[in-house]
Amino acid sequence: VALIHDLGSFRRKKLTEQKEIDRLMHADYVIASNEAMKEWLRAHHYQHQLGSLGLFDYRSEAQPSAHTLSPRKRLVYAGGLSVRKNAFLLEMAERQLSYEMHIYGNRDGLPTMADNQNVIFHPFTPADQFIANVDADFGLVWDGDSLVSCTGSFGEYLRWNSPHKVSFYIRAGLPIIIWKEAAVAKIIEENGLGLCIDSIEELDKLLSAVTLEQIEAMRRQVRIFSDCLQNGYFLRNALQQAQNELLPIL
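Below, the structure is looked at part by part. Note that the structure is a prediction, hence the values are computed from the model and not measured. (Residues numbered from 1 in each chain as written. Predicted model: local features only at pLDDT ≥ 70, side-chain atom pairs only at ≥ 80, totals over all residues. Heavy atoms only, no water.)

**Observations concerning helix H8 (residues 164-171)**
Now for step 1: Within H8, 7 of the 8 residues are buried, which leaves it mostly tucked inside the rest of the structure.
Now for step 2: Packed against the buried residues of H8 are strand S4 (74-78), helix H6 (127-133), strand S7 (138-141), strand S8 (176-179), helix H9 (185-190) and helix H11 (212-230).
Now for step 3: Gly173 lies just past H8 and shows a positive phi near 80°. (Buried < 20%, exposed > 50% of the residue type's maximum accessible area, 1.4 Å probe, protein only. Helix = DSSP H or I, 4+ residues; strand = E, 2+ residues; numbered from the N terminus. Contact = heavy atoms within 4.5 Å.)

**Thoughts on the pattern of salt bridges**
If the charged atoms of two oppositely charged side chains come close together, the side chains can form a pair.
Now for step 1: Tallying each qualifying case throughout the model produces 13 salt bridges.
Now for step 2: A salt bridge links Arg74 to Asp135; the shortest N-O distance between them is 3.6 Å. Separated by 61 residues along the polypeptide, Arg74 in strand S4 and Asp135 in the loop between H6 and S7 bring together distant segments of the chain.
Now for step 3: According to the relative accessible area criterion, Arg74 is buried, its value standing at 10%. (Salt bridge = Lys/Arg side-chain N within 4 Å of Asp/Glu carboxyl O.)

**Concerning the packing of H8 against H11**
Now for step 1: Where H8 meets H11, the closest approach of the two axes is 8 Å, and the angle between their N-to-C directions is 115°. By the angle between their axes, H8 is roughly perpendicular relative to H11. For the element pair H8 and H11, the recorded crossing hand is left-handed. Counted together, Ser167, Ile170 and Arg171 of H8 and Val222, Phe225, Ser226, Leu229 and Gln230 of H11 form the full contact between these two elements. (Axes fitted to C-alpha atoms, helices over the stretch in contact; angles between N-to-C directions. Parallel < 35°, antiparallel > 145°, perpendicular 65-115°, else oblique. Left-handed = near helix turned anticlockwise from the far one by under 90°.)

**Describing the packing of aromatic side chains**
For any pair of aromatic rings, geometry is given as the distance between the ring centres together with the angle between the planes.
Now for step 1: In the structure shown here, the tally under the stated rule is 10 aromatic pairs.
Now for step 2: An angle of 35° between the planes, with centres 5.8 Å apart, marks the rings of Phe10 and Trp160 as tilted. Of the two residues, Phe10 sits in helix H1 (residues 8-11) while Trp160 sits in the loop between helix H7 (152-157) and H8, which places them 150 residues apart along the sequence.
Now for step 3: Given a relative accessible area of 12%, Phe10 falls into the buried group.
Now for step 4: Feature note: the residues Tyr58, Tyr104, Phe130, Phe168 and Tyr169 constitute an aromatic cluster, connected by ring pairs.
Now for step 5: Directly above the ring of Tyr77 sits Lys165, whose terminal nitrogen or CZ lies 4.5 Å from the centroid. (Phe/Tyr/Trp six-rings, centres within 6.5 Å; stacked < 30°, edge-to-face > 60°. Lys NZ or Arg CZ within 6 Å of the ring centre and 35° of its normal.)

**Topic: the sheet that holds S8**
Now for step 1: On the basis of which strands lie adjacent, the open sheet formed by 6 strands has the order S6-S5-S4-S7-S8-S9 and parallel pairing. Two strands bound the open sheet, and with one partner strand each, they are strand S6 (119-122) and strand S9 (194-197). The sheet shows a mean angle of 25° between the axes of neighbouring strands, direction not considered.
Now for step 2: As judged from the 3 bridges shared by S7 and S8, these two strands associate in the parallel manner. (Pairing = 2+ DSSP bridges.)

**A short note on the pairing of S4**
Now for step 1: Counting buried residues along S4, 5 of its 5 residues qualify, which places the element largely inside the surrounding structure.
Now for step 2: Burial along S4 is two-sided: the residues Arg74, Val76 and Ala78 and Leu75 and Tyr77 are all buried.
Now for step 3: The sheet contact formed by S4 and S7 spans 2 bridges and is parallel. By the bridge assignment, Leu75 is partnered in S7 with Phe138.

**Notes on the layout of surface pockets**
Now for step 1: What the largest pocket holds in volume is close to 440 Å³.
Now for step 2: Arg11, Lys85, Asp143, His164 and Lys165 are the residues nearest the centre of the largest pocket, which is lined by 21 residues in total.
Now for step 3: With 3 residues, H8 is the single largest residue contributor to the lining of the largest pocket.
Now for step 4: Here the lining of the largest pocket is composed, by residue class, of 8 nonpolar, 7 polar and 6 charged. (1 Å grid on protein atoms, 1.4 Å probe; cavity = no way out; pocket = protein on both sides within 12 Å on 5 of 7 lines; lining within 4 Å. Points joined across faces, edges and corners; volume = space filled by probe spheres on them. Nonpolar A, V, L, I, M, F, W, Y, C, P; charged D, E, K, R; others polar.)

**Focus on the sheet that holds strand S1 (residues 2-3)**
Now for step 1: The 3 strands lie next to each other as S1-S2-S3, forming an open sheet whose pairing is parallel. The sheet is open, and its two borders are formed by S1 and strand S3 (49-52), each paired with just one other strand.
Now for step 2: Relative to strand S2 (residues 29-32), S1 runs parallel, the two sharing 2 bridges. The residue bridging Ala2 from the neighbouring strand is Val30, located in S2.

**A word on the environment of Phe124**
Now for step 1: Position of Phe124 among the secondary structure elements: in the loop between S6 and H6.
Now for step 2: With relative accessibility at 69%, the residue Phe124 sits in the exposed group.
Now for step 3: Expressed as a C-alpha distance, the spacing of Phe124 and Gly105, which sit 19 residues apart in the sequence, is 4.4 Å.

Below is the structure:
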């Protein structure tokens, strides 16, 4: 059984799609990151059995602290920063925002970023420390160089992958804001874990309409899923499915 972490033909463009499939065909069973990736593999002629993970589990000894509720919405973006991966942040810094954008990472990765009183930088923070201490309303999952849509190879990859950033935010107790075309957007929407958007340009209007009661309802759902991720729920289910489907063959 092979569990896909990333598809090289998408993420780094180091493999052709056919070579990716040929390698995966060495496995009797592949656990794709999600249903969208499972469909892509089948459409590209992976011929053995396929399962789907959904979200990556996230084990951590840290536990989220109680989050405050603030009338002024606070978004978090955490991770490695580079013009290639998240240049959209440069454009955000040029705007007058009605919300606060908190960025955790090395600002040197975006050297031309303008100063903006609503864009607050925090230094790189170890994962457990982030989970235990971050206080915000939403974690943003977005890649590329545009506010209108997720673009470029990193942005387009959201159509097929299950970002670790989603699981990281959930473990930190943060509801998610994610591109509506992302592979895991359906999981976020159906389980009340956050908001799905077409464009970051929607956020000013959207966030001003979200009530504190709605945010608290999302946080309750996030706490349930945070426990699931901590306990290995998604991988356990995927492996059980693989075992059930392979045993009759063996």
